[in-house]
Amino acid sequence: MKLPKETNRYCPKCKKVTSHKISQVKGGRKRGALTHGARRFTRKTQGYGGFPRPKPEKSSRFGIKTTKKIALMYTCKACKKSTLKKSGFRAKKIEWEAKE
Ligand SMILES: [Zn+2]
């Protein structure tokens, strides 16, 4: 998938359309180890009963997708504020188009 390195986009800080630099970021926020789900998980895996859900390796649908959804960071050239945008498309690899 090819994308331009720069694009004109609306900047919420400048409140107008400015030139933005696009860069790819790894999506997903790192959550703390003690979220409610993590606490529930540790409680469930203790004692009888075992693993609360089937292991993903055994599931036939595990690893079925070879691409990932892409998150892009738009950095405003005027005020250097960057906004994250999670794209709706999937791609294996992002290539940057050469400047013309
Ligand atoms: Zn700006």
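Caption draft 1: Molecular detail of the overall build of the protein. Scanning the protein from N- to C-terminus turns up 1 helix and 6 strands. In the protein, the succession of α and β elements from N to C terminus is β-β-β-α-β-β-β. Residues counted as buried form 13% of the 100 residues belonging to the protein.

Caption draft 2: Quick look at the packing of aromatic side chains. Taken as a whole and judged by the stated rule, the model has 0 aromatic pairs. When the ring centre of Y74 is taken as origin, the NZ or CZ atom of R9, which lies over that ring, is 3.8 Å away.

Caption draft 3: Inspection of unusual backbone geometry at higher detail. With a phi angle near 60 degrees, K15 is a residue other than glycine that sits in the positive phi range. As for its placement among the helices and strands, K15 is situated in the loop between β2 (6–11) and β3 (16–25). Using a relative accessible area of 64% as the deciding quantity, one classes K15 as exposed. In this structure, K80 takes a positive phi of about 65 degrees despite not being glycine.

Caption draft 4: Representation of the coordination of the zinc ion. Every protein donor of the zinc ion is listed here as C11 (SG), C14 (SG), C76 (SG) and C79 (SG), and their distances to the metal cover 2.2 to 2.4 Å. Coordination at the zinc ion is tetrahedral, judged from the 4 donor atoms that bind it and the angles of 102 to 119 degrees they form at the metal. If you list the donors of the zinc ion from N- to C-terminus, the spacing comes out as C-x2-C-x61-C-x2-C. Of this pair, C14 sits in the loop between β2 and β3 while C79 sits in the loop between β4 (68–76) and β5 (82–91); the two residues are 65 residues apart in sequence, bridging distant segments of the chain.

Caption draft 5: The environment of K2, seen in detail. Tracing the chain through its elements places K2 in strand β1 (residues 2–3). With a relative accessible area of 53%, K2 lands in the exposed category. Residues K2 and K93, spaced 91 residues apart in sequence, show a C-alpha to C-alpha distance of 8.7 Å. Once residues within four sequence positions are removed from consideration, K2 is found in contact with E95 and E97.

Cut-off values and rules
Once a new chain begins, its residue numbering starts again from 1 and follows that chain's sequence as written. Local features are withheld for residues below a pLDDT of 70 in this predicted model, meaning they are given only at 70 or higher, and side-chain atom pairs are given and counted only at 80 or more; totals for whole chains, interfaces and linings count all residues. Excluding hydrogens and water, the side-chain figures rest on all heavy atoms present in the structure. Helix and strand definitions follow DSSP, with helices as H or I runs of at least four residues and strands as E runs of at least two, each counted in order from the N terminus. Think of it in three bands: residues with accessible area under 20% of the maximum for their type are buried, residues over 50% are exposed, and the middle band is partly exposed, with areas taken using a 1.4 Å probe on protein chains only. The criterion for an aromatic pair is that two Phe, Tyr or Trp rings (for Trp, the six-membered ring) have centres within 6.5 Å, with stacked assigned to planes under 30 degrees apart, edge-to-face to planes over 60 apart and tilted to the rest. The rule is short: NZ of Lys or CZ of Arg within 6 Å of the ring centre and within 35 degrees of the ring normal puts a charge over the ring. Because water is not among the atoms used, a metal site may look incomplete, as its donors are only the N, O and S atoms within 2.8 Å, or 3.2 Å for Na, K and Ca. A four-donor site is called tetrahedral if each angle lies between 85 and 135 degrees; a four-donor site is square planar, and a six-donor site octahedral, when trans pairs exceed 155 degrees and the remaining angles lie between 65 and 115; all other cases are labelled irregular. Only heavy atoms matter for contacts: two residues are in contact if any of them lie within 4.5 Å across the pair.

All we've got here are geometric facts, nothing functional implied.
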